[in-house]
Amino acid sequence: IYTLSLHDALPILLAQVDELLVSLEQVKTDIEQALEQEGLTQEERLSLMMQYNDSQLEIERLRQQIIVSSAESLPVSSRAVWHRPTEITWEQLEENISTYREVGINLVFVETLYNGYSTFRTDVTDFPYNSKLGESYTDSSTGTVYDDYLSAFVACCDKYGIEVHAWVENFYVGTQQDVPVLQNHPDWLLYNDDGSIIQRNEGGLYIFIDPANTEVQDTLINYYLDLFDKVPAVKGLNLDYIRYPVSDQAEDTGYTMAAMKGFYEQKGLTFSDAQLADRNKMANKFRQLFDVNYLPGGQKEAEENYSQWVQYRMNVVTNFVRRIKQEVKDEKGIMLSTAVFASLTESRDDKKQDWPTWLTNGWIDIATPMAYYNDAADVQLRVSEMIMLAGNNCYYYAGLATSYSGLPAWQNKEHIEASYNAGAQGYVIFCSTQIIGHEDVQNALKSGVNAKQGVSPHAAVKDVVKAYADDLYDKAQRLYIPAGGMTQQQAEELKNALQEIVNMPATDAVEIYKVLVAVERVQDDLSDYAKGYSRQRINEKLNDLADILDTKIG
């Protein structure tokens with residue numbers, strides 16, 4: 001069933017349901033008749049009830065399968081996953097990556113810098129290679145030896161036609177204080193207002209390094225540059241934890257010497273030599289900015305100071321994103337994406353993360369809003385709000401944690417469709433542990449939303465247009481012509497019109513704009529190709545194509 005198209009699978013599923021309903025009705029009748037008989041034992045009564053319950057469960061299973069199988073598999077969409085490295089042999093890599101290919105995944109964000117360790121052998125000594133991974137990886141089919149995890153992972157993904165971006169966790173360095181970056185640079189630790197270093201509102205014993213420290217920023221950028229030098233087949237950089245830890249004025253963070261000195265200077269203030277020599281003394285003085293007992297302006301001045309302190313930290317993060325855009329993205333010609341929470345209030349106030357500025361300025365190619373909600377309606381609301389705020393300056397691939405949150409496998413379909421309805425052009429599943437080893441999730445994906453292989457929206461214009469053209473011609477043969485919505489001749493004429501667009505040059509914004517105009521011209525002439533509902537559905541697909549082209553124009 002799972003390998004069939006919806007056109008072929010649905011009749012089989014519906015027939016199975018009909019058969020089970022007949023069986024269930026018979027079990028119900030048997031129970032009713034048995035209850036009227038005298039001498040029915042407890043075991044016999046229990047056996048009949050178990051048959052009834054088993055039939056109900058099987059019908060429910062088929063109902064869920066019909067739901068996921070009824071989803072449309074879009075011709076152009078990013079089907080991505082955040083992948084956590086666990087494989088220590090090439091065979092394990094191939095087993096997992098082939099599974100991704102089978103379920104329709106076309107993009108992987110592979111965890112590359114996490115817990116203070118690297119998945120490739122970098123020259124940046126503060127982030128050594130993770131010793132829990134394989135010392136090397138050998139492709140037994142070719143004899144090729146790869147010196148580290150990331151090189152092997154990318155090579156294996158290339159074998160299966162899957163694009164790879166590096167997922168990096170920037171300022172978060174794990175839960176252990178003995179990682180090399182902290183041993184080498186204890187002054188890089190991010191401090192709270194009470195002098196502690198364990199972040200209090202992150203859901204774990206999380207430790208961060210200081211976003212305001214120029215040395216921290218320089219080291220991270222050097223690591224990213226080294227990444228694309230060492231493993232050039234990686235196509236993009238996915239920025240995670242590109243923020244301060246969750247905090248508010250009651251439990252604040254960011255009280256490092258670099259940040260306090262920078263904010264003080266911004267306000268035209270200076271610390272004494274004794275304070276500059278001791279972080280605790282500096283922090284004691286710094287906290288007076290928010291204490292009405294030390295301020296002539298009282299509560300109003302304290303609130304203004306804290307608001308400025310929030311903005312200062314937001315600017316620190318934004319300036320670092322700008323640096324990554326200029327010094328890594330532009331220099332290496334890679335795609336830049338970011339994992340941010342869709343709620344603007346949470347991002348700005350709690351995390352000091354001003355993603356609207358990043359997106360509207362065009363620094364980010366792909367936004368992966370972490371829409372980690374249980375209700376599909378909330379996924380759609382939050383993703384649509386983000387797109388409305390930031391516009392079409394980038395692609396949107398919604399981050400989903402459906403199975404990670406404990407929801408049944410079939411609800412992946414509901415959340416993915418909610419993302420599409422919100423205007424996203426793809427999704428990213430958090431994380432690999434919810435696909436690998438979970439046959440129910442794999443089946444839910446490959447029997448519905450990923451039933452056909454999809455082209456990523458950020459792929460070449462020619463590939464994107466061709467994917468839509470092929471999909472429309474396929475639907476014409478299977479749906480529109482049999483339904484009387486168009487003739488075979490009209491289908492061929494539409495195919496030829498779209499093929500002319502496929503062949504158009506599209507190497508820069510001007511040429512892509514001409515492609516967009518050509519698509520809109522076909523839309524204006526759709527009455528020549530189809531009628532009624534068929535015409536409406538073709539127009540919807542061409543609107544989707546036009547939106548992607550508009551994003552590419554920038």
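Each remark here, short or long, concerns the structure printed above.
Every value quoted in this text rests on a predicted model; they were computed, and no experiment measured them.

Draft legend 1. How the structure looks around the nonpolar core. Of all hydrophobic cores here, the largest spans 117 residues; its most connected members are Leu237, Phe286 and Ile324. Top element by residues in this core is helix α10 (residues 298–332). It accounts for eleven residues. If you look at the next biggest cluster of nonpolar residues, it comprises 48 residues, including Ala497, Val502, Tyr529 and Leu549.

Draft legend 2. Layout of a negative patch on the surface. A surface patch of negative charge is lined by Glu493, Glu520, Asp524, Asp525, Asp528, Asp544, Asp547 and Asp550. Secondary structure elements with two or more residues in the negative patch: α18 (509–524) and α19 (532–553). A total of three residues in the negative patch trace back to one element, the largest contributor, which is α19. Mapped onto the elements, Asp528 comes out in the loop between α18 and α19.

Draft legend 3. Quick look at helix α2 (residues 42–69). A rise of 1.5 Å per residue sets the reference length of α2, with its 28 residues, at 40 Å; its end C-alpha atoms lie 40 Å apart and thus fit the reference within 8%. Among all positions in α2, only Leu48, Ser55, Ile59, Leu62, Gln65, Ile66, Ile67, Val68 and Ser69 are buried.

Draft legend 4. Just the packing of aromatic side chains, in detail. The full count for this structure, using the stated rule, is 30 aromatic pairs. Geometrically, the ring pair formed by Phe120 and Tyr223 is tilted, given 5.1 Å between the ring centres and 40° between the ring planes. Of this pair, Phe120 sits in the loop between β3 (117–118) and β4 (137–139) while Tyr223 sits in helix α6 (residues 214–230), and the two are 103 residues apart along the sequence. The same class applies to Phe120 as to Tyr223, namely buried. Where Tyr264 meets Phe286, the ring centres are 6.2 Å apart and the plane angle is 40°; that geometry is what we call tilted. Taken together, the positions of Tyr264 in helix α7 (residues 257–266) and Phe286 in helix α9 (residues 279–286) put the pair 22 residues apart, joining distant regions of the chain. In this structure Phe286 comes out as buried when scored by relative accessible area, which is 0%. Of note, Arg121 hangs over the ring of Tyr129, and the distance from its end group to the ring centre comes to 4.2 Å.

Draft legend 5. Structural view of the environment of Ala506. Examined against the element boundaries, Ala506 turns out to sit in the loop between α17 (488–502) and α18. A relative accessible area of 24% means that Ala506 is categorised as partly exposed. Spatially, the C-alpha atom of Ala506 lies 8.4 Å from that of Ala460, the residues being 46 residues apart in sequence. Those residues in contact with Ala506, other than ones at most four positions away along the chain, are Val461, Glu511, Ile512 and Val515.

Thresholds, definitions, all that
Residues numbered from 1 in each chain as written. Predicted model: local features only at pLDDT ≥ 70, side-chain atom pairs only at ≥ 80, totals over all residues. Heavy atoms only, no water. Core = buried A, V, L, I, M, F, W, Y, C linked by side-chain atoms within 4.5 Å. Buried < 20%, exposed > 50% of the residue type's maximum accessible area, 1.4 Å probe, protein only. Helix = DSSP H or I, 4+ residues; strand = E, 2+ residues; numbered from the N terminus. Patch = residues over 30% accessible without salt bridge, like charges linked within 9 Å, V, L, I, M, F, W, Y side chains within 5 Å. Areas by Shrake-Rupley, 256 points an atom, 1.4 Å probe, with all protein chains shown as cover. Salt bridge = Lys/Arg side-chain N within 4 Å of Asp/Glu carboxyl O. Lys, Arg positive; Asp, Glu negative; His and termini not counted. Charge placed at Lys NZ, Arg CZ, Asp CG, Glu CD. Expected span 1.5 Å × (residues − 1). Phe/Tyr/Trp six-rings, centres within 6.5 Å; stacked < 30°, edge-to-face > 60°. Lys NZ or Arg CZ within 6 Å of the ring centre and 35° of its normal. Contact = heavy atoms within 4.5 Å.

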